[in-house]
Every structure is written in structure tokens, then in C-alpha cells.
Amino acid sequence: MRSNIISFRFTDAEVEALQSFQVSEDKSPSQTAARLLRGMFAGILEPSTGLSTSVDIKELVKQEVEASLGELRSQLEAQLEELRGKSKAR
């Protein structure tokens, strides 16, 4: 099967988001992007195309969302504690 190189630019925020989906098998952000796209195409393209992925994209997204929510929750709790401290100081 013939392969082609596809190149495009990402902002720093987009690269950071892409890196959040990186797994140990990915050696670079490019490999992460390719794996994610192949996973998306697996549900769209006919099986005869030969594309496959060993990663459950839905589970990966769920894990990333849960991790992000956990981080956000921690940040909000820290901010709340800071505000409580300032309120008590008054």
C-alpha cells in the first residue's frame, strides 16, 4: 500500500491538546495524530482499506476527559481555599 506525507501547523494549545492523547507507543506528536486519525477512519472507511487501531478511542477520550475534569476540580478547590483564606483575613 502506498503512503503519503501530510503536513499542517498546530498552535501551541493544539499541540498541547494532541499531547494529552499521547500513549506510550507514540514516539512523537505526529504518531499520536496519525493514530487518532486512523482510529476515526476505522469507523468511517470500509474494512477493505486495511486500517486498524488497537486503541479504543472512546475509552481514551473518556479517560482524558476524566483526567481534565479532575485537574479542573483540583484547581477550583485550590482557588476556593484561597478565597476562604482571604475572607477570613478580613
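Placed above this text is the structure.
Rules used throughout
Residues numbered from 1 in each chain as written. Predicted model: local features only at pLDDT ≥ 70, side-chain atom pairs only at ≥ 80, totals over all residues. Heavy atoms only, no water. Helix = DSSP H or I, 4+ residues; strand = E, 2+ residues; numbered from the N terminus. Expected span 1.5 Å × (residues − 1). Buried < 20%, exposed > 50% of the residue type's maximum accessible area, 1.4 Å probe, protein only. Arc of directions from axis to C-beta. Contact = heavy atoms within 4.5 Å. Patch = residues over 30% accessible without salt bridge, like charges linked within 9 Å, V, L, I, M, F, W, Y side chains within 5 Å. Areas by Shrake-Rupley, 256 points an atom, 1.4 Å probe, with all protein chains shown as cover. Salt bridge = Lys/Arg side-chain N within 4 Å of Asp/Glu carboxyl O. Phe/Tyr/Trp six-rings, centres within 6.5 Å; stacked < 30°, edge-to-face > 60°.

A.B. asks: Pulling in residues and values, what's your account of helix α2 (residues 29-42)?
C.D. replies: Residues spaced three or four apart along an α-helix face the same direction, because each turn holds 3.6 residues. Here α2 contains 14 residues, and its C-alpha end-to-end distance of 20 Å stays within 8% of the 20 Å for a straight helix at 1.5 Å per residue. All of the buried residues along α2 are T32, A33, R35, L36 and G39. Projection of α2 onto a plane perpendicular to its axis shows the buried side chains occupying an angular sector of 165 degrees, all on one side. For α2, the elements touching its buried residues are α1 (12-19) and α3 (57-89).

A.B. asks: Describe a nonpolar patch on the surface, naming the residues involved and giving the relevant values.
C.D. replies: Residues V61, V65, L69, L72 and L76 make up a contiguous nonpolar surface patch of about 410 Å² in total accessible area. Locating L69 in the fold gives a position in helix α3. Look at L69 and you get partly exposed, because its relative accessible area is 43%.

A.B. asks: How would you summarise the pattern of salt bridges if you had to cite specific residues and measurements?
C.D. replies: In total, this model carries 3 salt bridges according to the counting rule given. E82 is the partner of K86 in a salt bridge, and the nearest nitrogen-oxygen pair spans 3.4 Å. Here K86 pairs with E82, and both are found in helix α3, just 4 residues apart, close to one helical turn. You can call K86 partly exposed: its relative accessible area is 48%.

A.B. asks: Hey, could you go over the packing of aromatic side chains for me, with residue numbers and the actual values?
C.D. replies: In total, this model carries 1 aromatic pair according to the counting rule given. Between the aromatic rings of F8 and F10, the centroid separation amounts to 5.1 Å while the plane-to-plane angle is 75 degrees, which identifies the pairing as edge-to-face. For F8, a relative accessible area of 51% corresponds to the exposed category.

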